[in-house]
Every structure is written in C-alpha cells, then in structure tokens.
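Structure at a glance
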Amino acid sequence: MQVYLPIAEMSVNGLVVLALGGIVGFLSGLFGVGGGFLMTPLLIFIGIPPAVAVGTQSNQLVGASVSGVIGHWRRGNVDFRMGAVLLAGGVVGSVIGVWLFSVLRRIGQIDLVISLLYVILLGTVGGLMLAESVRAMVRQRRKTAVRRKLHQHIWLHGLPLKMRFHKSRLYISAVVPFAIGLLGGIMVAILGVGGGFFMVPAMIYLLGMPTAIVPGTSLFQIIFTTAVVTILQAITNHTVDAMLALLLLAGGVIGAQFGTRFGTNLRGEQMRALLALMVVTVCIKLAVDLVLTPDDVYSIIVPGMS
Amino acid sequence: MSRRARIRAAVAALLWLALGVAPAAPARAQALVADLTNHLIAITTGFTGTEVVLFGAIEGDGDVVVVVRGPETSVEVRRKERTAGIWLNRSDMTFVDVPSFYTIASTRPLDQLARPDVLERNRIGIDHLALEPVDPTPELDVFRRALIRNKQREGLYPTQVGTVTFVGSRLFRTTVSFPANVPTGSYQVSVFLMRNGQVQGAQTTPLLVSQLGLSADIVDFAYRRAAIYGVVAVIVAAVAGWLGSVAFRRV
C-alpha cells in the first residue's frame, strides 16, 4: 500500500508507517514517554527528510498523548495539578529552547550538538534508571526489603512556594516541578521530542511521585508542549506532513491503548528497567554512529530544506 | 507516386498530426521532431513513480540523444572528518544551478557520438553537467563526484545511459522513468540529433511534474495558511487520539 506524502514529497509503504506508529504508540502508552526519541531516528531511517520527521512527529505526539492520557485518566492516574506546574515550566523552557536553537545554528554544528545531547542525556538517564531498577529487583528477590517511607525528602523539596499535590501525595516546593518542566521544554525545542524520557525519571526520582501516577501526568503535559511546537513548526518551516501524521497516529493510537493496558500488569521496577534498557539501546546506537566510519563521508543537502 | 512513397507520406502526415503541428513548413527543413506522450506528471496520493514515452523522427541518418533535466537548485555538499574520534562535518562546498533530476538515453554510447567538448557544451551526460561551485577550491573534482554519487544514491541521477531505439530507420522512441521521489517543478526534455560528431539539431519540450488532488490541496493549505494548518493539524491529531481511546474502551 504505497502512499504519497505531500510535504515530504516522497512515497512510502503505508503498512510500514502504520506498524512504526503502532510499536512506538505501544511503548508510549506503557511508559508515558512520547516515543519521540525513537520515532525521529526511525522516520529518518525509512527516508523521511529529517526536518519533516521532526515537525510531523510533534503533531503525531499530540494525538498519541491525548489517547494515552485518557487511558491513564480513566484509571485515575493523572495528577492535573502537578501537570499544570510542569506545563508552566515547559512553556518557559520551550521559549528558551527556541532561542538556544537559533544561537546553536548560527555557530554551526547543530546536528552534532543534537547527537551529543541525545547520547549524554539518554546515557545518563538510562544508565541511572537501569542501575536503580536492577537494584530494586535484586532487593525484592532477596526479600530483605524493609518497608520504605512513601518517598524520601531531599533538600530540593524544602524550597519556597510549597504546594500540596493530593494525587501524588506530596507537599513540596513548586519550584522543583517547574524546573523539571522547564528543562523538558528546552528539550522539546532543541531535540524535537516530547521530553518524556527525561521527565519520567525526574518525576520518579527527584519529585518522588508514585510510579503509577507518573506516565499519565507526563503525557498530560506533553499534549500541550507538542501542540505548541507543531504550530510553530507549521508556521516557520512548513514541515508538518498531515498525511504522515495521520498514518502514524492510526497505528499509534491502537498501540498506545495496548501499551496502557499492558503497563498495569507490570510492576514499577520492571517497567523502569524496560524503559531504561530501551533508552540505553538508542543511546548506544547513536554513540556508535558518531564514531563508526560512515559509508560515504560526503552528504548533500538542499539549503532551505533543512 | 509509388505505393511505398504514399505510405511514407501518410506516416509523416500522421506524425505531424500526432505532434499537433501544422505541416506548413516543408518536412525537409525540420531535421528532428519529437514529443512526449504526456506533458504533465500528476503526483496523486497513490503515486509510486511513472514512465513517459518520448517518440519522434529524424531526417536522414544520425543518432539521437534524449536528456531530461529537472528544475535547478543549489546543493551543499558536506564532508565529514574524524575529529577526536567523532565524525563531524568539517568542510563543505555549495554548487549552484544543479539539476534536481537528470536522466539521459542515447542510440549509441556517448563517447562514440562526439568529442567531450561537444558533449560538455550541450551538457550531455552525467560527466558533462557543468556543476560549478560558489567558491571553487582545488578539491572541486572530489566534491563534484560526491554530489553526483549522492544524487545517484537517491535515484535522481542515472548510473548508466538509457537506450533510444529506432523503429525503422527514421522513427525513434525511448521510455523515461521517474521515481516516486521525483522533485516537483518544470522539467526540460531535450532531444539532440548527432551526426559526424556534431549536434545537427535540437529540440526542447517542457514537462511539468506537479502534485494534484488531495496532496496538492494539503501542500497549498500548509504554505498559504500555515498557522491555521498547524492548528487544524493539532485538532485532527487530538480528535484522532480521543476517537482511538473511545473505540478501545470496551476491549
């Protein structure tokens, strides 16, 4: 089933795109990450121009996150109050991110900065999560676990502007979730991803939110940041391919439903270990690509297209 | 008039009619006539590439070369170098007036038709494209070859010369293939009549590659009403996401 993509100006196999959407949607529903850090490289791999891949992907993420949030919301797993604070930070962050992006582009080597940022972020986040979740699983097996406190209070939580988050059972400074949202927003603008792979672990480890509440709350915030980015991309770069987005969504929406369902059967540390493994795999792939000798050291671009 | 001459005259008349040209000038004056079966390549939602037949006739003997050039753009060629273990883009060269698409077909191998300078002058053949950079450096040749190699990898430049076949001694035809990723815009189809190592006649026919129907509407909307397009894209995505979760509610 060949489908011509009007903005990307190329023909793709519709079934392949549906399947891609489905797989990434499943992971998105499961972990509460948008899956952008997986989808962008996959789209580029099947030949979509990078600029169109990034622009379209944010559009697709809007739909995937709406679908995911509804699933989590029905199970009562969304902390809207926390989501709103994260979102406020996210909006500020994406403005800063857009500015940073233009500065980096002026200096040149924006591609390198993006690749290196991916490697560093994914490596750090994935490595830490993997280590933590494996430790938790080992502890479980040895049955030496003592009942822990609901969450550990760290100095960050003592900052001013304390707010009560009922759903998350937290009474902490609003500065912390705001800052997390801000960093996430910067990532949305620079890397063209939803930022979930960074926010999910930050919400678990820095905020101490219950793992069950995290994916829904993260997705809730991602809806709005990706919507803003989609509109900005459509206006400035004309790189949102509606046809491609709809195909990805059709697969993604179905995948996300199964992901959400499947996620409720997984224990928290298992889920975290799986997400960490996935993040580390992508990180290794990107790092290897930076170091391996390319097939052709020459490449061409048509200026103005990317 | 012998029977054979009558048939030849009838064929010639038919050909003129087919070309839509009034046979006012004597046929002898025109050494070369050619046309395409189709002057518009319509890219619709199901587009997977297409073929266009070019046909024509020559007066007397000689060889025929067909060149198809897509709209010209500038292209930046970048070269990666290993720096501290990482492959980075370190140098680049920008070429201007690069045909976005190029293909060629001929009745005989090009080197048997004319000397390189003749081919160069008429931009016949992948090695004679006159690709010029903005600021030339001694490495021009390496970058030029890299540009052609990359275009070939994308399927937009040919890896070999196609064939033009003669039907009888005067009529010729060839099939031009366009891949699914063919750039849109105005193309030039040039037909050359080669004789004694020189270009004896040339004719250029326009060809338009354009999106039509739904995909054309989407492009139009995306460029003319970019902000509304963005908002609509977001709403459509959100509704699709909501519909999906409603549909799966009872699963």
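Summarised in this report is the structure supplied together with it. Quantities reported herein were computed from a predicted structural model and do not represent experimental measurements.

The rules we used
- Residues numbered from 1 in each chain as written.
- Chains lettered and ligands numbered in written order.
- Predicted model: local features only at pLDDT ≥ 70, side-chain atom pairs only at ≥ 80, totals over all residues.
- Heavy atoms only, no water.
- Helix = DSSP H or I, 4+ residues; strand = E, 2+ residues; numbered from the N terminus.
- Rg over C-alpha atoms; globule rule 2.2 N^0.38 Å.
- Buried < 20%, exposed > 50% of the residue type's maximum accessible area, 1.4 Å probe, protein only.
- Areas by Shrake-Rupley, 256 points an atom, 1.4 Å probe, with all protein chains shown as cover.
- Lys, Arg positive; Asp, Glu negative; His and termini not counted.
- Charge placed at Lys NZ, Arg CZ, Asp CG, Glu CD.
- Phe/Tyr/Trp six-rings, centres within 6.5 Å; stacked < 30°, edge-to-face > 60°.
- Lys NZ or Arg CZ within 6 Å of the ring centre and 35° of its normal.
- Core = buried A, V, L, I, M, F, W, Y, C linked by side-chain atoms within 4.5 Å.
- Contact = heavy atoms within 4.5 Å.
- Pairing = 2+ DSSP bridges.
- Axes fitted to C-alpha atoms, helices over the stretch in contact; angles between N-to-C directions.
- Buried area = accessible area lost by both parts, 1.4 Å probe.
- Salt bridge = Lys/Arg side-chain N within 4 Å of Asp/Glu carboxyl O.

Scanning chain A from terminus to terminus reveals 10 helices and 5 strands. The C-alpha radius of gyration computed for chain A amounts to 19 Å, which stays within 12% of the reference 19 Å derived for 306 residues, consistent with globular compactness. Dimensions of chain A along its principal axes, counting C-alpha atoms only, are 60 × 40 × 40 Å. Across the 306 residues that make up chain A, the buried fraction comes to 56%. Of the roughly 13,100 Å² of accessible surface on chain A, 70% is carried by carbon and sulfur atoms. Measuring between centres, the 21 positive side-chain charges of chain A sit 24 Å from its 9 negative side-chain charges.

Scanning the model with the defined rule gives 11 aromatic pairs over all chains in all. Plain terms: the ring middles of Phe 221 of chain B and Tyr 229 of chain B are 5.4 Å apart, the flat faces sit at 90° to each other, and that makes the pair edge-to-face. Its end group placed over the ring of Tyr 171 of chain A, Arg 164 of chain A keeps NZ or CZ at 4.3 Å from the ring centre.

One finds Val 65, Phe 95, Phe 172 and Phe 178 of chain B to be the most contacted residues of the largest nonpolar core, which totals 55 residues. Of the residues forming this core, the biggest block, 6 residues, is contributed by strand 12 (residues 185–195) of chain B. In this view, Phe 178 of chain B contacts Ile 41, Gly 49, Thr 50, Val 52, Val 68, Phe 101, Tyr 187 and Leu 207 of chain B; residues no more than four positions away in its chain are not counted. Counting residues in hydrophobic clusters, the runner-up holds 47 residues, among them Leu 170, Val 176, Met 187 and Leu 290 of chain A.

All right, on to the environment of Ile 86 of chain B then. Along the chain, Ile 86 of chain B turns up in strand 6 (residues 86–99). Ile 86 of chain B sits in the partly exposed class, given a relative accessible area of 22%. Setting aside residues no more than four positions away along its own chain, Ile 86 of chain B makes contact with Leu 112, Leu 116 and Leu 290 of chain A together with Glu 81 of chain B.

This brings us to the sheet that holds strand 10 (residues 165–167) of chain B. Residue and element names in this part refer to chain B. Read across the sheet, 4 strands follow the order 1-3-11-10 without closing on themselves; strand pairing throughout is antiparallel. Two strands lie at the open edges of the sheet, namely strand 1 (32–36) and strand 10, each paired on one side alone. Looking at each pair of strands side by side, their axes are set apart by 25° on average, direction ignored. Relative to strand 3 (residues 50–58), strand 1 is paired through 5 bridges, and the arrangement is antiparallel. Within the sheet, the bridge partner assigned to Leu 32 lies in strand 3 and is Ile 58.

Let us now look at the interface of chain A and chain B. Facing 49 residues of chain A, the contacting portion of chain B comprises 58 residues. For the pair chain A and chain B, the summed buried area comes to about 4,500 Å², and 65% of that belongs to carbon and sulfur atoms. Considering only the side of chain A, the residues that lose the most area to chain B are Tyr 4, Tyr 298 and Ile 300 of chain A, jointly responsible for 18% of the buried surface there. Our count for the chain A to chain B interface comes out at 2 salt bridges.

Here we take up the pattern of salt bridges. Residues and elements named next belong to chain B. Under the criterion given, the structure shown has 14 salt bridges over all chains. In this structure, Asp 141 engages Arg 144 in a salt bridge whose closest nitrogen and oxygen atoms are separated by 3.5 Å. Within this pair, Asp 141 and its partner Arg 144 are both found in helix 3 (residues 140–153), separated by 3 residues, close to a single helical turn. Note on Arg 144: relative accessible area 22%, which makes it partly exposed. One connected set of salt bridges, linked through shared partners, spans Glu 132, Asp 141, Arg 144 and Arg 145.

The values are spatial; any link to function lies outside them.
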